[in-house]
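Coordinates in review
Here is how the chains run, residue by residue.
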Amino acid sequence: MYRVTSQFKATILARFAAALHQLDDWNREPNWKEEECLFRALGYMKRGNFKLAEAELKELTGIFASPPDKKAVAPDVGRERYTKALMKRGLAQLRGEAA
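Note that this is a predicted model, so its numbers are computed, not measured. (Residues numbered from 1 in each chain as written. Predicted model: local features only at pLDDT ≥ 70, side-chain atom pairs only at ≥ 80, totals over all residues. Heavy atoms only, no water.)

Some thoughts on the packing of helix H1 (residues 6–26) against helix H3 (residues 50–65)
Spelled out, the test is: Between the N-to-C directions of two axes lies an angle of 0 to 180 degrees, each axis being a line fitted to C-alpha atoms and, for a helix, fitted only over the stretch in contact. Only runs of H or I of at least four residues qualify as helices and only runs of E of at least two qualify as strands under DSSP, and these elements are numbered from the N terminus. Roughly parallel here means an angle under 35 degrees, roughly antiparallel means over 145, roughly perpendicular means 65 to 115, and every remaining angle is called oblique. Crossing handedness follows the turn of the near helix against the far one: under a right angle anticlockwise gives a left-handed crossing, and clockwise gives a right-handed one. A contact between two residues is defined here by any heavy atoms of the two lying within 4.5 Å. Note on residue classes: Ala, Val, Leu, Ile, Met, Phe, Trp, Tyr, Cys and Pro are nonpolar, Asp, Glu, Lys and Arg are charged, and everything else, Gly too, is polar.
As a packed pair, H1 and H3 sit with axes 10 Å apart at the nearest point and diverge in direction by 30°. Comparing their axes, H3 and H1 come out roughly parallel. Here the hand of the crossing between H1 and H3 comes out left-handed. Facing Phe8, Lys9, Ile12, Leu13, Arg15, Phe16, Ala19, Gln22, Leu23 and Trp26 of H1, the residues of H3 in contact are Phe50, Lys51, Ala53, Glu54, Leu57, Lys58, Leu60, Thr61 and Phe64. Taken together, the residues of the contact of H1 with H3 sort by class into 12 nonpolar, two polar and five charged.

Right, dumping it as structure tokens:
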């Protein structure tokens, strides 16, 4: 695993928070593509792999920038959706560990 600086970690955490703020500004929950990117990024950060989290957040930036795909069908999953509230709680836990 690559060593990353505390400044890089803070940058990635800030980018994750900015993505959640963007969804707040749009006043909506993440769609399934956004949800998957956010969930994977959060999981990578919790395991200390901020480089992979950065890649997920770059992919999310592309999803935010592209127009929504009206024909995209969400995968049939039997689990609970990952909401903004759950993502914010995970971010708060990460920030608490970093302090």
